[in-house]
Amino acid sequence: MRILIHKNYEDVSHWSAEYLAHKINAHHAASDKPFVLGLPTGSSPIGTYQRLVELYREGKVSFKNVVTFNMDEYVGIPEDHAESYHYFMHYHLFNHVDIPKENIHILNGNAADLEAECREYENAIKSYGGIEFFLGGIGPDGHIAFNEPGSSLSSLTRVKTLTYDTIVANSRFFDNDLDKVPKMALTVGVATVMAAREVLIIIPGYSKARALRQVVEEGINHMWTVSMFQLHPKCIIVCDDAATMELRVATVKYFKDIEKL
């Protein structure tokens, strides 16, 4: 696991976007050889998406031959709802780049058969030969996508009942009304993300400090699902100084020192 520590969120976002753009360009993607990309929602990747849009407008990256699979979606709200992840992705990224509509894959939280939707999503990923690069973020409790504490570390895409803590945390997007927050979601599993050939996880801010400590300095634990990525052969964590506040001084020094070499 490679840990990159930047000064602030802006630097984290800038580096992550530049690195992803480099990966897309190095793949030499074509219509018959697309770059298959997994994407998150939430506050952590917004800066990265903004920088990717800038790079696209500067002519430094194209999404024409990129195929995307998003991590999750709420169950039971319309796709055009301001808090749906369909809306989020189009608002922050897809509406501003040249990705073809047919290359975008987001779970359908209004499918008639939700379990079938999850199976078909996994099959769609396999049909492209798997995900080349998965971008991710985490919650303060160390969950990735909607794989909350206690989720199976071998889980695949599935229907997930959301915990009370998640519902409370997300209520800020729903007028602080718990009754308006969806109680279920569709989410890729931990194993779905682990199967990607490369993973980059964005962990900014002091609110994520405890989770970062668990991921970097503690063992693998299903109560901190992102800790599973200690076993990934090519995982990068990109964090800022604020997120390292609960790491040992020696740990921070080690990871900063090896990046200077």
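## Brief notes about the overall build of the chain
Then comes step 1: Of the regular secondary structure elements, the chain holds eight helices and ten strands.
Then comes step 2: Taking 261 residues into account, the globule formula puts the C-alpha radius of gyration at 18 Å, and the chain, at 18 Å, falls close to it.
Then comes step 3: For the chain, the spread of C-alpha atoms along the three principal axes comes to 50 × 45 × 35 Å.
Then comes step 4: The burial tally for the chain puts 55% of its 261 residues in the buried class.
Then comes step 5: Here the chain has roughly 12000 Å² of accessible surface; of this, 52% comes from carbon and sulfur atoms.
Then comes step 6: Within the chain, one finds 25 positive and 33 negative side-chain charges whose respective centroids are separated by 6 Å.

## Some remarks on the pattern of salt bridges
Then comes step 1: The final tally for this structure, using the stated rule, is 16 salt bridges.
Then comes step 2: The shortest N-O distance in the salt bridge between Glu18 and Arg51 comes to 2.7 Å. Linking Glu18 in helix α1 (residues 9-27) with Arg51 in helix α2 (residues 46-57), this pair joins segments that are 33 residues apart in sequence.
Then comes step 3: With its nearest N and O atoms 3.7 Å apart, the salt bridge here joins Glu218 to Arg213.
Then comes step 4: What emerges from the salt-bridge pattern is a single network uniting Glu18, Arg51, Glu54, Glu58 and Lys60.

## Topic: the packing of aromatic side chains
Then comes step 1: Under the defined criterion, the tally for this structure stands at eleven aromatic pairs.
Then comes step 2: For the ring pair Tyr74 and Phe174, a centre distance of 5.9 Å and an interplane angle of 80° mean the geometry is edge-to-face. Of the two residues, Tyr74 sits in strand β4 (residues 72-74) while Phe174 sits in the loop between α5 (164-170) and β8 (184-187), which places them 100 residues apart along the sequence. Taken as a pair, Tyr74 and Phe174 share a single burial class, namely buried.

How each quantity is defined
- Residues numbered from 1 in each chain as written.
- Predicted model: local features only at pLDDT ≥ 70, side-chain atom pairs only at ≥ 80, totals over all residues.
- Heavy atoms only, no water.
- Helix = DSSP H or I, 4+ residues; strand = E, 2+ residues; numbered from the N terminus.
- Rg over C-alpha atoms; globule rule 2.2 N^0.38 Å.
- Buried < 20%, exposed > 50% of the residue type's maximum accessible area, 1.4 Å probe, protein only.
- Areas by Shrake-Rupley, 256 points an atom, 1.4 Å probe, with all protein chains shown as cover.
- Lys, Arg positive; Asp, Glu negative; His and termini not counted.
- Charge placed at Lys NZ, Arg CZ, Asp CG, Glu CD.
- Salt bridge = Lys/Arg side-chain N within 4 Å of Asp/Glu carboxyl O.
- Phe/Tyr/Trp six-rings, centres within 6.5 Å; stacked < 30°, edge-to-face > 60°.

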